[in-house]
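# Descriptive analysis of the structure
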Amino acid sequence: MRTVVLKRAELLCWLAPLGLVAMPVWAQEATSTGAAGSRLQMQLGASLLVSDQLARSETQSAKDRGALLMVSPGVVWRSNRGAVQGAVDYSLNTIKKIKTNTDMRQIQHQLKASVRASLLPEHLSLDVNGNVGQQALSAFATQSVGSQPAAGANRSEVGSLSVTPQMRVRLAGVAQLQLRHTQSVQRVRGTLAGDVNGRITALTLSPARDRVLNWSFDLSDQRSTPRLGRSTRTELALVGLNWRPDVDWRLGARAGQERSNLFEGLARTADTYGGSANWQPSARTSVAFNWDRRLAADQYSLSANHRLPRSTLGLSYNRSVNLPGNYLLGEAQTRYDQLFALFASREPDAARRDLLVRQELARLGLGVDAPVSAGFLSSSSSLSHALQFNWAWALQRSVLTFGLSQRRTERLGSAPAVSQDDLAISSMVKQQGMNLAWTYRLAPTQSLTAQWVRQHNQGERASLDSTLDSANLMWTLQLGLQTQFSASYRHSRFEATQRPYDENALMLTLTQQF
């Protein structure tokens, strides 16, 4: 019976792209064709990648020269009005190998979707989030740059889907009851490592109106079931107070009880408490701090953001307990996030700013989810320390972005039974990433982008250490209102005890929007 349920969950995960792509079409039909705030756009891209190292070989001297021809139809939908709101960006990459014997799937998916459907306004809603893309399986194996197709046993297609119905009920006009249930699934093509099912059920009781002093009562039940590894469950009951002494400040305190089996599968019960402080003196500056005493470990987070007329700065540090799944280095660091914060002064409206950022990324030839750094998959629970720094600066004809991230992931409990798991090989994984990019507008229809990426991974033993450096130069030409051509050259060097390589690659891309 368990096998049947898992197979159905896996099928649901890989069919999710079709459902999420079809949802915008349904939403488009549900509203008038002239409805403002909703846009459906088709696109078709063709790329040719020529490389002297398509396969990540076991030795430095072995070369696999060849080319990949890629055709990528896609659909982009965005809506900020109506019963269905959100964004869906999906593309299907079909790959033709030319003069290479590298092992690579000929069909790959790319999906980034976040959709909310209001079923009963102010009472019942449904949130659906989905992601599909290429991901490194291990931090200790051969690494590749970005999300472009790459061969090797250390890359696979990872799909995740979460569905969250929410219900809100007013109680005699005095309090509000909110009930949420999230069902999630993650699947990795070709391996069971990283496959996990999860669910979270939460109930929140709070005042119906926001006052200077507010109270809250929270109950939650979180479960995680990896296909390789031990299932975990955490139950939490909290009573909280939130106080707003001034328009710029919000202070909070909470206390309750927690029951969890994160350690060795033995359920334990302990008291938990914590506090929070948020300071936002203006729309340009914000500082937030959270701290919680939890059964597994103390958890805390600190974030600070400041926006100047032409630049933005962001710094964050957090210590958190992670359930089995996808551990990303610099999870929030994408080109979209950096430019979205940077353009806040130019366009305060979030929906219009979203369109502006996407147009700018398209002009630069970058994807919406262009990553700053990579991650790994694990079937073990862990404790992580994550530091991130972001800086973006916009000049009259150029944009400069810089991202720095560091993450240390420590295993909780005994080692996983799976020998290929990074947290079974080493009790800790340390990852450091750095990304510097500069874009200059040569002409109204031309731009030049230079980018440098460094990624350094460490384990308990020096033999697990590796460093990846990559430099990329890209020229982009706007051939028309909806046609774009780009040419890029990339040089990468991967240094490690095993499987080092050097790569030189040329990529030509033509994109047509409809």
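## Some details on the overall build of the chain
Across its full length, the chain carries 4 helices and 24 strands. Out of the 514 residues in the chain, the part that is buried amounts to 45%. Counting contacts in the chain only where the partners sit at least 6 residues apart, residues at least 24 apart contribute 58% of the total. Accessible area of the chain: about 25,200 Å², with a carbon and sulfur share of 58%.

## A closer look at a nonpolar patch on the surface
On the surface, a nonpolar cluster with roughly 760 Å² of combined accessible area is contributed by Val 212, Leu 213, Trp 215, Phe 217, Leu 219, Val 239, Leu 241 and Trp 243. Among the elements of the structure, strand S9 (213-226) and strand S10 (232-246) are those that each provide at least two residues to the nonpolar patch. No other element matches the 4 residues that S9 contributes to the nonpolar patch. Within the secondary structure, Trp 243 is located in strand S10. Residue classification places Trp 243 among the partly exposed residues on the basis of a relative accessible area of 43%.

## A closer look at the pairing of S9
As defined by bridge partners, strand S8 (residues 196-207) adjoins S9 across 10 bridges and the pair is classed as antiparallel. Bridging from a neighbouring strand, Leu 205 pairs with Phe 217 of S9. Between S8 and S9, which pair antiparallel and follow one another directly, the connecting turn spans 5 residues. Where S9 hands over to S10, the hairpin turn is made up of 5 residues, of which Gly 229 adopts a positive phi near 135°.

## Digging into the side chain of Thr 285
Within the fold, Thr 285 resides in strand S13 (residues 285-293). A polar contact is formed between the side chain of Thr 285 and the side chain of His 306, at a distance of 2.7 Å. Every residue in contact with Thr 285, bar those within four places of it in the chain, is listed here: Trp 279, Gln 280, Asn 305 and His 306.

## Observations concerning the pattern of salt bridges
Across all of its chains, the model carries 14 salt bridges by this definition. Arg 189 is the salt-bridge partner of Glu 157, the closest N and O atoms lying 3.4 Å from each other. Highlighted residues: Glu 157 in strand S6 (residues 155-171) and Arg 189 in the loop between strand S7 (175-188) and S8, separated in sequence by 32 residues. The exposure class of Glu 157 is buried, given its relative accessible area of 2%. The network of salt bridges with common partners includes Asp 221, Arg 223, Arg 233 and Glu 235.

## Some points on the confidence of the model for the chain
When the pLDDT values of the chain are averaged, the result is 82; 81% of them are 70 or greater. Model confidence for the chain, summarised as mean pLDDT per element, is weakest for helix H1 (residues 2-30) at 46 and strongest for strand S11 (residues 249-260) at 96. Below pLDDT 50 for its whole length, residues 1-6 participates in 5 contacts with residues either more than four positions away or in separate chains. Here residues 8-36 is modelled with pLDDT under 50, and outside its nearest four sequence neighbours on either side it reaches 43 contacts, counting other chains as well.

## Re the layout of surface pockets
If you add up the space inside the second largest pocket, you get close to 760 Å³. In terms of lining, the second largest pocket is formed by 37 residues, of which the most central are Ser 220, Gln 222, Leu 236, Leu 238 and Arg 294. Listed by contribution, the elements that provide at least two residues to the lining of the second largest pocket are S7, S8, S9, S10, S11, S13, strand S14 (299-307) and strand S15 (311-322). Residues belonging to the lining of the second largest pocket are distributed by class as follows: 13 nonpolar, 16 polar and 8 charged.

## Quick notes on the nonpolar core
Among the nonpolar cores identified, the biggest contains 10 residues, and these are Val 75, Trp 77, Val 84, Val 88, Tyr 90, Leu 111, Ala 113, Val 115, Ala 117 and Val 132. For this core, the secondary structure elements donating two or more residues are strand S2 (66-79), strand S3 (84-98) and strand S4 (107-120). For this core, the element with the most residues is S4, which contributes 4 residues.

## Things to note about the side chain of Thr 509
Tracing the sequence through the fold places Thr 509 in strand S24 (residues 501-513). A polar atom in the side chain of Thr 509 sits 3.1 Å from the side chain of Ser 47. Once residues lying within four places of it in the same chain are set aside, the contact partners of Thr 509 are Ala 46, Ser 47, Gln 484, Phe 485 and Ser 486.

## Comments concerning the environment of Thr 449
Along the polypeptide, Thr 449 turns up in strand S21 (residues 446-458). Owing to a relative accessible area of 4%, Thr 449 belongs among the buried residues under this scheme. C-alpha separation for the pair Thr 449 and Ser 488, spaced 39 residues apart in sequence, amounts to 9.0 Å.

## Considering the pairing of S14
Where S13 meets S14, 8 bridges bridge the pair, whose relative direction is antiparallel. Within the sheet, the bridge partner assigned to Trp 291 lies in S14 and is Tyr 300. Adjacent in sequence and paired antiparallel, S13 and S14 are bridged by 5 residues. Where S14 lies against S15, 8 bridges are found, and the strand directions are antiparallel. Each residue of the ladder has a partner; that of Ala 304, found in S15, is Leu 315.

Parameters and conventions
- Residues numbered from 1 in each chain as written.
- Predicted model: local features only at pLDDT ≥ 70, side-chain atom pairs only at ≥ 80, totals over all residues.
- Heavy atoms only, no water.
- Helix = DSSP H or I, 4+ residues; strand = E, 2+ residues; numbered from the N terminus.
- Buried < 20%, exposed > 50% of the residue type's maximum accessible area, 1.4 Å probe, protein only.
- Contact = heavy atoms within 4.5 Å.
- Areas by Shrake-Rupley, 256 points an atom, 1.4 Å probe, with all protein chains shown as cover.
- Patch = residues over 30% accessible without salt bridge, like charges linked within 9 Å, V, L, I, M, F, W, Y side chains within 5 Å.
- Salt bridge = Lys/Arg side-chain N within 4 Å of Asp/Glu carboxyl O.
- Pairing = 2+ DSSP bridges.
- Polar contact = N/O pair within 3.5 Å; in protein donor to acceptor, adjacent residues only side chain to side chain.
- pLDDT = per-residue confidence, 0-100.
- 1 Å grid on protein atoms, 1.4 Å probe; cavity = no way out; pocket = protein on both sides within 12 Å on 5 of 7 lines; lining within 4 Å.
- Points joined across faces, edges and corners; volume = space filled by probe spheres on them.
- Nonpolar A, V, L, I, M, F, W, Y, C, P; charged D, E, K, R; others polar.
- Core = buried A, V, L, I, M, F, W, Y, C linked by side-chain atoms within 4.5 Å.

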